[in-house]
Every structure is written in structure tokens, then in C-alpha cells.
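Survey of secondary and tertiary structure
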Amino acid sequence: MGILAYIAVGSNLANPLNQVTTAFSEIRNMPKSKLIKKSSCYSSSPLGYKDQPDFVNAVVSIETELSPHELLLELQMIESLHKRERSFPNAPRTLDLDILLYGDLRIDEPKLTIPHPRMHERAFVIFPLQEINENISVPPFGDIAKIAKGLDPENTKRITL
């Protein structure tokens with residue numbers, strides 16, 4: 001039996017909705033992993049660097065036997081398939097895959113931090129995460145419903161397909 005992990009999926013270039021839905025399939029096909037649940041897609045305004053298109057975001061849960069570092073490598077390979085470029089912080093991107101939670105593990109390393117350090121500040125992460133698990137607790141911030149109440153829903157809207 002594997003570890004339950006949550007991954008944020010986002011894109012704002014080259015048909016973002018298609019990038020995100022294609023990533024769902026690629027995550028489903030990762031080795032030693034099983035896609036458990038995927039959220040709806042959400043549109044959100046960019047953070048940081050504002051002069052770029054809106055994002056399409058979602059969250060998936062997986063059960064995985066990959067270590068956190070192996071999982072990160074798999075996700076980076078998927079990003080590479082989508083021609084992800086890291087030109088500057090908060091730059092537009094074809095695909096962004098971030099490990100949000102990996103069981104109850106905590107890691108604080110230069111290339112990997114779990115839980116994701118800013119997830120509790122981001123409606124485009126918290127709303128889809130809450131959609132797929134309304135009872136989850138986000139360490140060290142606590143209950144997701146409480147976190148969601150403190151976020152502004154104005155710039156994060158569920159996309160109706």
C-alpha cells in the first residue's frame with residue numbers, strides 16, 4: 001500500500017485547459033502510482049508577475065510507492081514533456097506540477113519542501129484540494145475549511161466544461 005499524496009497542476013500557456021487535462025493522464029500513468037481523484041479545473045489570475053494570461057489549476061490525489069524525491073523527478077519529467085521553461089520566478093508556464101502533501105511527511109530542503117510552503121495562501125490550490133478532500137488538514141495550518149474561509153474567492157473560479 002502506497003502513500004497518499006496531493007499534487008497541484010497548473011498551466012497558462014499553449015491551451016492551458018488541454019495542458020492540465022493531458023497532465024491528468026500522464027500522472028495516471030506514472031510508475032508505482034495510482035490516480036485516486038482529480039478536482040475540477042479552476043481559472044485564476046496570476047500571482048507575482050501579473051503581465052501574463054490567467055491560469056488553469058487543479059489538484060489530484062495519488063497513491064504512490066515512489067519516494068518524495070522519485071515523485072518529484074517523475075513530475076519534472078512530465079513538465080519537460082510539456083516543454084516547461086523556468087525563465088524567472090512566477091513566469092508563464094506550459095505546465096507546473098507541485099507536490100502539496102505526501103502523507104504526513106515534512107521535508108525542508110533546497111529543492112523540495114513538503115507541505116508546499118505557500119499552499120495555504122493560494123485559493124487556486126486550497127479550493128480544488130478541498131473539493132477532493134473536504135476533511136483534510138494542512139500542516140501546520142489545520143483544517144482546510146478554516147483555511148478556505150480566510151481566502152478571497154474573487155480570482156479563483158471553477159471552470160464548467
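Look above for the structure.
A brief look at the structure comes next. (Residues numbered from 1 in each chain as written. Predicted model: local features only at pLDDT ≥ 70, side-chain atom pairs only at ≥ 80, totals over all residues. Heavy atoms only, no water.)

Quick word on the side chain of serine 61
Along the chain, serine 61 falls in strand 4 (residues 55-64). With sequence-adjacent residues up to four places away left out, serine 61 is seen in contact with Leu4, Ala5, Tyr6, Lys34, Leu35, Ile36, Lys37 and Ile132. (Helix = DSSP H or I, 4+ residues; strand = E, 2+ residues; numbered from the N terminus. Contact = heavy atoms within 4.5 Å.)

Focus on the pattern of salt bridges
All told, the structure shown has four salt bridges when counted by the stated rule. Close ionic contact of arginine 84 with glutamate 79 constitutes a salt bridge, the shortest N to O distance being 3.4 Å. With respect to class, arginine 84 is no different from glutamate 79; both count as buried. Residue arginine 84 pairs with aspartate 96 through a salt bridge whose shortest N-O separation is 3.0 Å. Taken as a pair, arginine 84 in the loop between helix 2 (68-81) and strand 5 (96-102) and aspartate 96 in strand 5 lie far apart in primary sequence, 12 residues in all. Residues arginine 84 and aspartate 96 agree in their burial class; the two are buried. Overlapping salt bridges, with partners in common, bring together Glu79, Arg84, Arg93 and Asp96 in one network. (Salt bridge = Lys/Arg side-chain N within 4 Å of Asp/Glu carboxyl O. Buried < 20%, exposed > 50% of the residue type's maximum accessible area, 1.4 Å probe, protein only.)

Considering the environment of isoleucine 114
Secondary-structure assignment places isoleucine 114 in strand 7 (residues 113-114). Sequence separation between isoleucine 114 and glycine 103 is 11 residues, and the spatial gap between their C-alpha atoms is 9.6 Å. In this structure isoleucine 114 touches Pro68, Ile99, Leu100, Leu101, Tyr102, Leu105, Arg106 and Ile107, once residues within four positions along its chain are discounted.

A short note on the nonpolar core
In terms of nonpolar packing, the biggest core is built from 26 residues, with Val9, Ile27, Ile62, Leu71, Leu75, Leu97 and Ile99 touching the most fellow members. Of all hydrophobic cores here, the second largest spans 20 residues; its members include Tyr42, Ala123, Val125 and Ile147. (Core = buried A, V, L, I, M, F, W, Y, C linked by side-chain atoms within 4.5 Å.)

Some remarks on the pairing of strand 4
Counting buried positions along strand 4 gives nine out of 10 residues, so the element sits mostly inside the fold. Sheet topology places strand 1 (residues 3-11) next to strand 4; nine bridges connect them, and they run antiparallel. The residue bridging glycine 10 from the neighbouring strand is asparagine 57, located in strand 4. Looking at chain direction, strand 2 (residues 33-38) and strand 4 are connected through five bridges and run antiparallel. Opposite leucine 35, over in strand 4, you have isoleucine 62 as the bridge partner. (Pairing = 2+ DSSP bridges.)

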